[in-house]
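# Per-entry structural report
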Amino acid sequence: MATFHLQIVSMDGLIFDGQAERVSCRTIHGDMAILARHCNYCTAIGMGRGEVILEDGTKRYAACIGGMLTMMDNVCRLIATTWEWQDEIDIERAEAAKAKAEERLAQEGMPPQDLKLAEAKLHRAMVRIGVAREAK
């Protein structure tokens, strides 16, 4: 299968730089996949599972939490707020974050801004837990 150059970066630095057959992730418009020779494209990324199929056919999964994705002239750049490979997710920490967010959401009379923040933290924890628990 044809490949393209993929770079994944986050606040932590360069996460991946190499050839890939496909990258898929959740955008603000829904799930999408990028293949070689995809048209030039730019979109915001939402929260969800990311998947990279490497040049040798190996699949790698990650928790992707926001950012931008661009495809220009067969070079894809995924600039993620957070990108955690499946095998690097600390599931105990994610479960603790989920419990804390649920506890916060159970409180009465929370200001709308705090409510949205707690909901986002719960969603992020759920994405991380879901990716970590998928069959490897």
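A brief report on the enclosed structure follows. (Residues numbered from 1 in each chain as written. Predicted model: local features only at pLDDT ≥ 70, side-chain atom pairs only at ≥ 80, totals over all residues. Heavy atoms only, no water.)

Another aspect to go through is the pattern of salt bridges. A full pass over the atoms with the stated rule returns nine salt bridges. Between Glu 51 and Arg 49 there is a salt bridge; the shortest N-O distance is 3.2 Å. Judged by relative accessible area, Arg 49 falls into the partly exposed class, the value being 36%. Arg 104 serves as the salt-bridge partner of Asp 114, at 3.4 Å between the closest nitrogen and oxygen. Placement of Asp 114 in helix H2 (residues 112–133) and of Arg 104 in helix H1 (residues 91–105) is noted, with a sequence separation of 10 residues between them. A single salt-bridge network, built from bridges that share partners, covers Arg 22, Arg 49, Glu 51 and Glu 134. (Salt bridge = Lys/Arg side-chain N within 4 Å of Asp/Glu carboxyl O. Buried < 20%, exposed > 50% of the residue type's maximum accessible area, 1.4 Å probe, protein only. Helix = DSSP H or I, 4+ residues; strand = E, 2+ residues; numbered from the N terminus.)

A few words on the state of the cysteines. Taken as a whole and assessed by the stated rule, the structure comprises zero disulfides. Unpaired in terms of disulfides, Cys 25 finds its nearest cysteine sulfur in Cys 64, a separation of 5.4 Å. Cys 25 gets classed as buried once you look at its relative accessible area, which sits at 4%. We note that Cys 39 lacks a disulfide partner, and the nearest cysteine sulfur, in Cys 76, lies 12 Å from it. (Disulfide = S-S within 2.5 Å.)

A separate point is the side chain of Glu 21. With respect to the helices and strands, the residue Glu 21 is situated in strand S2 (residues 13–27). For the buried Glu 21, no salt bridge exists, and the shortest N-O distance to an oppositely charged side chain is 7.7 Å, to Arg 22. If sequence neighbours within four positions are ignored, Glu 21 has contacts with Met 1, Ala 2, Thr 3, Phe 4, Ile 34, Leu 35, Ala 36, Ile 53, Leu 54, Glu 55 and Gly 57. (Lys, Arg positive; Asp, Glu negative; His and termini not counted. Contact = heavy atoms within 4.5 Å.)

In a regular helix each residue adds 1.5 Å, so 15 residues correspond to 21 Å; H1 covers 21 Å between its end C-alpha atoms and thus fits that length. Its side-chain oxygen at 3.2 Å from the backbone nitrogen of Glu 92, Asp 90 defines the N-terminal cap of H1. (Expected span 1.5 Å × (residues − 1). Polar contact = N/O pair within 3.5 Å; in protein donor to acceptor, adjacent residues only side chain to side chain.)

Within the largest apolar cluster, 22 residues are counted, with the highest numbers of intra-cluster contacts made by Phe 4, Leu 6, Val 52, Leu 78 and Trp 83. Elements with a minimum of two residues in this core: strand S1 (4–10), S2, strand S3 (30–35), strand S4 (41–54), strand S5 (59–72) and strand S6 (75–85). For this core, the leading source of residues is S6, giving five residues. For Trp 83, the residues in contact, after removing those within four places along its chain, are Ile 8, Ser 10, Ile 15, Gly 50, Val 52, Ala 62, Ala 63, Cys 64 and Leu 78. Formed by eight residues, the second largest nonpolar core is a distinct cluster that contains Ile 65, Ile 89, Val 127 and Ala 132. (Core = buried A, V, L, I, M, F, W, Y, C linked by side-chain atoms within 4.5 Å.)

In this section: H2. Along its 22 residues, H2 runs 32 Å from first to last C-alpha, staying within 8% of the 32 Å computed at 1.5 Å per residue. Taken as a whole, H2 has its buried residues at Ala 118, Leu 122, Ala 125, Val 127, Arg 128, Ile 129, Val 131 and Ala 132. Packed against the buried residues of H2 are S4, S5, S6 and H1.

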